[in-house]
Amino acid sequence: MSFINLALSLALLGVAVAIAPILDTVDRKLRARLHSRIGPPTILQTWYDIAKLLRKEIVVSEGGAAVIVPLSMTAASALLALSSLPPGMPSPFAPLDLLYLIMFSAAAHASFILIAVSSGNVYAVIGGFREFVLVSVNEVAYVLGLTAVALSTGVLSFSGAAYYGDFRPIPYIVSFALLSLCLYVSSARIPFDLGEAEPELASGVLIELSGPLLAFGIISVLLKRFLAAAVTATAIALPIMRYSGVYGLPGFGLLLGLTIAVWVIHALIAASLGRSRVGVAVKTLISLYIPLTLLAYTLLLFGV
Amino acid sequence: MVKPILKLITVAKEAGVVTRKYPYDSPLLTEEFRGKIEIDASICWGCGACVKACPSNALTIRESMDVRELVYFAGRCIFCGRCADVCPTGAIKVTKEFELATEELEDLEQVVIHRKVKCPICGKHFVPQPLGRYVCEKCAKGGVPTYMMVCPECRRKVGVKKMIRCKGG
Amino acid sequence: MNQHKDPLPERLRPIESLIREWLWIDRGRTIMLDVKRENLVEVARGLYKEIGAFFKTCAGVDERPLWGGYAVHHIFGIDEEGLDVVVYVRIPEKDYPWVPSIVREVPAADWCELEFRDLLGIDPRGRLTQRLVLPDDWPEEVKPLRKDVPYGYRPPRAEETKPAEVGMYPSGVPVGPYHPALHEPEYFELYVEGEEVVDVRYRGFHVHRGIEKLAESPRFDYNKVTFLAERICGICGFVHSCAYVMAVERAGKVEVPERAEYIRALLLEVERLHSHLLWLGVAAHLLGYDAGFMHAWRVREKTMILAEYLTGSRKTYGMNLVGGVRKDITPEKVPKILKVLEEVAKGTKKVADMIVSVPQVRKRLEGTGVLRKSDAAALSVVGPVARASGLNRDVRKDYPYLAYKDVSFKVPVYSEGDNLSRTLVRVEEIFESIEIIKQLLDRMPPGEVLNEEWDIEPGRYAVTSVEAPRGEDTHLLITGVGRPYRWRVRAPTYANIPALRPMLRGQELADAPITIASIDPCFSCTDRMLVIDVRTGKRSVLVTRPQVKVVSLG
């Protein structure tokens, strides 16, 4: 691990924290345009909102002090998961980066559910329960999808694949489809924002958070979204980096640009759909995941 | 999944942006809009027809010894404009003003003060001066308003005395 | 009473022997049956089960100043004949008045019986009773609608408040009194197993404003009450104001210029347009489809501006007076109206199509919140809720009023009874309303719009029904001196909320908000009855924290 690896990884984390709220404003602005509204006046609106929340007093609900630990764990895990991506240089976790990615993503989702359970609110508990059902289906497919992408690059590490991967296009495309679907689901956007579901559960998981705690809650959610977009972007960037040799700072720029593009596509999809029901969502997802997984692994097995 | 996205984009594109940056931009009002009322104190008689018609008690009358005050409190007003309908002099105008938020309650109040006519016999104050003048003018055509500015009670007394004098004399 | 003796209609023959006397009132629109107290249950059964009448509402009246006792008026409607049937029961007791309950025969009478028990102390015998509209700390001996209780009465502040009772199931999910899906303070407690709702408890009437009592108070007169009636509801206020003035005009035999009747009908349809578009947006929002919400409201905004252009106000139009309307629709306004209607029709078509084509929206509307026809009929539900469950009921057709007899329109009826059919009924009604407005503009007769020369005798009686966007809105009015003697309002939501129980049972929790919204509930309409001391802050068993913290995860 060289100094420059670490520096770029840290830069990615810094950029993630700084621009996730800005991307959220872009999200809001795009949604507003699709709603025929003007939307937020400046690109920094979500930052202003967070800053305002941070200035409010801390109110901890009865028995809700336990919320603070999983709240910080969610943000930390999302950041650690981000640092296992190769931002133009191999990640500090290489060559075990995929393992770390899986582990820390799962930790981020699990601690998000813990926020709900530890707050003790009936709506939060229902939200957490929904999130749990969704995550347990999604994480399995996520692991399978991530592995399938890695297998189709011939190297079981994203950092490695960017340098000496041997891409098999058809299995790569199929497993990318599976992975990107899982990542969209994990970004907790409509139709899969079941844990929050404002009109049904009054913000569900986040209901007991207010003031600075809510600010951290929002940052955690946005970091989870950034992670989902960044992993999708990495999967797209890998063959580009491998065959055009864009590394270092340009590679970093490529990853960032793709992340923003993926985020915007995610936002566009979310703006055009309605919220699903937990039973229906799980059924739909399973009916998509199973054939995609089978197809990806069959292709890999038969060496297409 | 693609179909709803395309449909939404078409609808949004056709509609354009419809919101505006109110309050930096002008509000969407038609020429028929009814806002708060304004009372022209120079025309008002203080007759109280508007007070009687007001459904929400936004217009009230405060009587004191020598003054009658017509009080309009916009905080209770439902902006129906019934007062303007019934006002015999057209002193009440409905404006288009509706941005009434304020930190001072007094800003929502308009008071029209009418001095009352003083009875030359008993010295009691009764009807508002403009109303008294109006009645005088109206009646002046028929004959001389001898006891016009005398309060109703004194007028009755004077009338009775006069009658007794006529009969007895 | 304004009466003339005519024979009993054929439909009512089966119960002729049970009727002491009958009066035709309001030019044959209403028949009042004077029934002995012991025959009431039989008459109700006959009307509801054999004759096939729908139940509208009941009202208790303190008639002690008139003849020395109380009375209960049960209002039925025979849709096919366009006839309102008032079953009038005299209660001679002054101290502990009672009537037999008709709830077993007429389930729809559940709430209004509890209401006259609360407000007038007339005891409906033979049923379970509990407080419905009065808050728990209201003194037992004060019956606010009795004539000897002053309208400004405020009860002493309650010092002790008892905690809310916990329901019978272990897993309660409180929905309300403050909840993002309900835009007004109401309280539903949903009992769930996993995500499935197994039972529902409803606690409403948190926002009584004492409007009925206020209208009887000396500071009101016939014209002022019009503006009060308009404030019963923020969405369909004009409906209430129309129902009220029509009741006064019919009871007091006030001539209304024909042009005014056209203008009223036109504005009622403009109001329906905005209300249905509002609902469509809210429904989309509840299903997580905010784009549909915003675009439905964008189209709705045009109707709001149209309303302001025609009346001077976006809502609470302030147009009605007894005897007509205050503002004419001049010919130069017509082209602009037609242009707006065109835009609204086009916009609605696109937006409704867009909303219904979103897969999640469609999936969650279809087959959810089913209300079967038999349940709908037993509860006498009204409006789009009834029409989506296969009951062809529409006051505009069944009891023609204002100018509706002169226009032709379709009444959309669906038989599925689910949330999707209720949505489609409303969407179709938007287009029907646009057609109605066009026809009204086309046929509007010239002339005056307001008759101010009227004098109303006390002791006259009228029942009026107006089709609000949410269904039939019924007003009963007995004239008094200078102001109503008794004015009873039955808003459509009042008739539809009891139907939520069969609709929600067996549902997924996720679909509860859209199902509750699918009756287009208007709680401020429903709660219009009481004088409440806002300052004490204690209105009823408001549950401020979730009562039950553990949810069985099934």
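Computed from a predicted model, the values in this text were never measured in an experiment. Residue positions within a chain follow its written sequence, with the count starting from 1. Chain letters and ligand numbers both follow the written order, the letters beginning at A and the numbers at 1. It should be noted that, the model being predicted, local features are given only for residues of pLDDT at least 70 and side-chain atom pairs only at 80 or more, the latter also being counted only at that level, while totals for whole chains, interfaces and linings use all residues.

(A) A look at unusual backbone geometry. In this structure, the amide linkage connecting A:Ile190 to the following residue, A:Pro191, adopts the cis form with an omega of 5°. Turning to its location among the elements, A:Pro191 is positioned in the loop between helix H7 (169-186) and helix H8 (198-201). Phi is positive for A:Ala188, close to 55°, though the residue is something other than glycine. Going along the chain from the N terminus, every DSSP run of H or I of four or more residues is numbered as a helix, and every run of E of two or more is numbered as a strand. With respect to the secondary-structure elements, A:Ala188 resides in the loop between H7 and H8. The backbone phi angle of C:Leu402 is positive, close to 45°, even though this residue is not glycine. Within the fold, C:Leu402 resides in the loop between helix H13 (395-398) and helix H14 (419-443). A residue is called partly exposed when the number of other C-beta atoms within 10 Å of its own lies between 12 and 20, exposed at 12 or fewer, and buried at 20 or more, with C-beta atoms placed from the backbone. C-beta crowding within 10 Å serves as the criterion here: with 22 such atoms nearby, C:Leu402 is assigned to the buried category.

(B) Examining helix H4 (residues 97-119) of chain A more closely. Here H4(A) spans 33 Å end to end across 23 residues, near enough to the 33 Å set by a 1.5 Å rise per residue. Downstream of H4(A) by a residue or two, A:Gly120 has a phi angle that is positive, lying close to 75°. Any helix carries an expected span of 1.5 Å times its number of residues minus one.

(C) Focus on the sheet that holds strand E2 (residues 59-63) of chain B. Residue and element names in this part refer to chain B. At least two bridges found by DSSP between two strands are what make those strands a pair. Taken in spatial order, the four strands line up as E2-E3-E5-E6 in an open sheet, and their pairing is antiparallel. The sheet terminates laterally at E2 and strand E6 (125-128), the two strands that pair on one side only. Taking each pair of neighbouring strands and ignoring which way they run, the sheet shows an average axis angle of 30°. Bridging between strand E5 (residues 109-118) and E6 involves two bridges; their strand directions are antiparallel. Across the sheet, Lys-118 pairs through a bridge with His-125, a residue of E6. Between N-to-C directions, angles span 0 to 180 degrees; the directions come from axes that are lines fitted to C-alpha atoms, helices contributing only their stretch in contact.

(D) Up close: the packing of helix H8 (residues 290-311) of chain C against helix H9 (residues 334-357) of chain C. All names here are of chain C. Running from N to C, H8 and H9 cross one another at 165°; their axes reach a closest spacing of 9 Å. Considering the angle they form, H8 stands roughly antiparallel to H9. Considering only the axes of H8 and H9, their crossing is left-handed. Judged by residue contacts, Gly-292, His-295, Ala-296, Val-299, Lys-302, Thr-303, Leu-306 and Tyr-309 of H8 engage Lys-336, Ile-337, Val-340, Glu-343, Val-344, Gly-347, Thr-348, Val-351, Met-354 and Ile-355 from H9. Taken together, the residues that form the contact of H8 with H9 break down as 10 nonpolar, five polar and three charged. Angle categories: roughly parallel below 35 degrees, roughly antiparallel above 145, roughly perpendicular from 65 to 115, and oblique for all the rest. Two helices crossing with the near one rotated counterclockwise from the far one by less than a right angle form a left-handed crossing, whereas a clockwise rotation gives a right-handed crossing. By the convention adopted here, residues make contact when the C-beta atoms placed from their backbones lie within 7 Å. Side-chain classes follow a simple rule in which Ala, Val, Leu, Ile, Met, Phe, Trp, Tyr, Cys and Pro form the nonpolar group, Asp, Glu, Lys and Arg form the charged group, and the remainder, Gly included, forms the polar group.

(E) Summary view of the interface of chain B and chain C. Contacts between the two partners involve 18 residues from chain B, matched on the other side by 19 residues from chain C. By residue number, the principal contributor to the side of chain B that touches chain C is helix H1 (residues 2-15) of chain B, which donates six residues. Residue classes in the side of chain B that touches chain C are distributed as 11 nonpolar, two polar and five charged.

(F) Highlighting the pairing of E5(B). Residue and element names in this part refer to chain B. Bridging between strand E3 (residues 67-73) and E5 involves seven bridges; their strand directions are antiparallel. From the neighbouring strand, Phe-73 faces E5, where its bridge partner is Glu-109. Hairpin geometry of E5 and E6 is characterised by an intervening segment of six residues between the two adjacent antiparallel strands and by a positive phi of about 80° at Gly-123.

(G) Expanded view of the confidence of the model for chain B. What pLDDT expresses is the predictor's confidence in each residue, scored from 0 to 100. Per-residue confidence for chain B gives a mean pLDDT of 88; residues scoring 70 or more make up 95%. In the predicted complex, the global pTM is 0.89; the interface-specific ipTM is 0.88.

(H) How the structure looks around helix H1 (residues 3-34) of chain A. Helix length check: H1(A), at 32 residues, gives a terminal C-alpha distance of 44 Å against a target of 46 Å (1.5 Å per residue), a fit within 8%. To get the bend at a residue, fit one axis to the 7 residues ending there and another to the 7 starting there, then take the angle between the axes. At A:Ile19, H1(A) is bent by approximately 40°, the largest bend along its length, and proline A:Pro21 sits one to four residues beyond. Along its buried surface, H1(A) packs onto helix H2 (45-55), helix H3 (68-83), helix H9 (211-244) and helix H10 (248-272) of chain A, H1 of chain B together with H8 of chain C. Just past H1(A), the residue A:Ser36 takes up positive phi, approximately 65°.

(I) Geometry of the sheet that holds strand E3 (residues 54-63) of chain C. Residues and elements named next belong to chain C. Reading across from one edge, E1-E2-E5-E4-E3 is the order of the five strands in this open sheet, with mixed pairing throughout. Lying at the two open borders of the sheet, with one neighbouring strand each, are strand E1 (19-25) and E3. For this sheet the average axis-to-axis angle between neighbouring strands, irrespective of direction, equals 20°. Strand direction decides the pairing type here: strand E2 (residues 30-35) and strand E5 (residues 83-91), joined by six bridges, are parallel. In the strand pairing of E5, Met-32 is matched with Val-86. Each of E2, E3, strand E4 (69-78) and E5 is contacted by helix H1 (residues 40-50), which is oriented at about 170° to E5, the strand it contacts most.

(J) Just the environment of C:Leu402, in detail. Remark: the alpha-carbon pair of C:Leu402 and C:Glu343, spanning 59 residues in sequence, is separated by 27 Å. Once you skip the residues sitting within four places of it in the chain, C:Leu402 turns out to touch C:Glu261, C:Arg264 and C:Ala265.

(K) The nonpolar core, seen in detail. The term nonpolar core refers to a group of buried residues, namely Ala, Val, Leu, Ile, Met, Phe, Trp, Tyr and Cys, whose C-beta atoms join them within 7 Å. Within the largest apolar cluster, 299 residues are counted, with the highest numbers of intra-cluster contacts made by A:Leu223, C:Leu33, C:Val85, C:Val87 and C:Leu190. Considering each element in turn, this core owes the most residues, 19 residues, to H9(A). The split into domains, and so the bounds of each, comes from an automatic or database assignment of domains. Both domain 1 (10-125) and domain 2 (211-486) of chain C contribute no fewer than three residues apiece to this core. Every residue in contact with C:Val85, bar those within four places of it in the chain, is listed here: C:Ile31, C:Leu33, C:Leu47, C:Ala53, C:Phe76 and C:Ile78.

(L) Inspection of the environment of B:Cys139 at higher detail. Residues and elements named next belong to chain B. Following the sequence through the fold, Cys-139 ends up in helix H4 (residues 129-140). C-beta crowding within 10 Å serves as the criterion here: with 12 such atoms nearby, Cys-139 is assigned to the exposed category. Linking Cys-139 and Ser-26, residues 113 residues apart in sequence, is a C-alpha distance of 50 Å.

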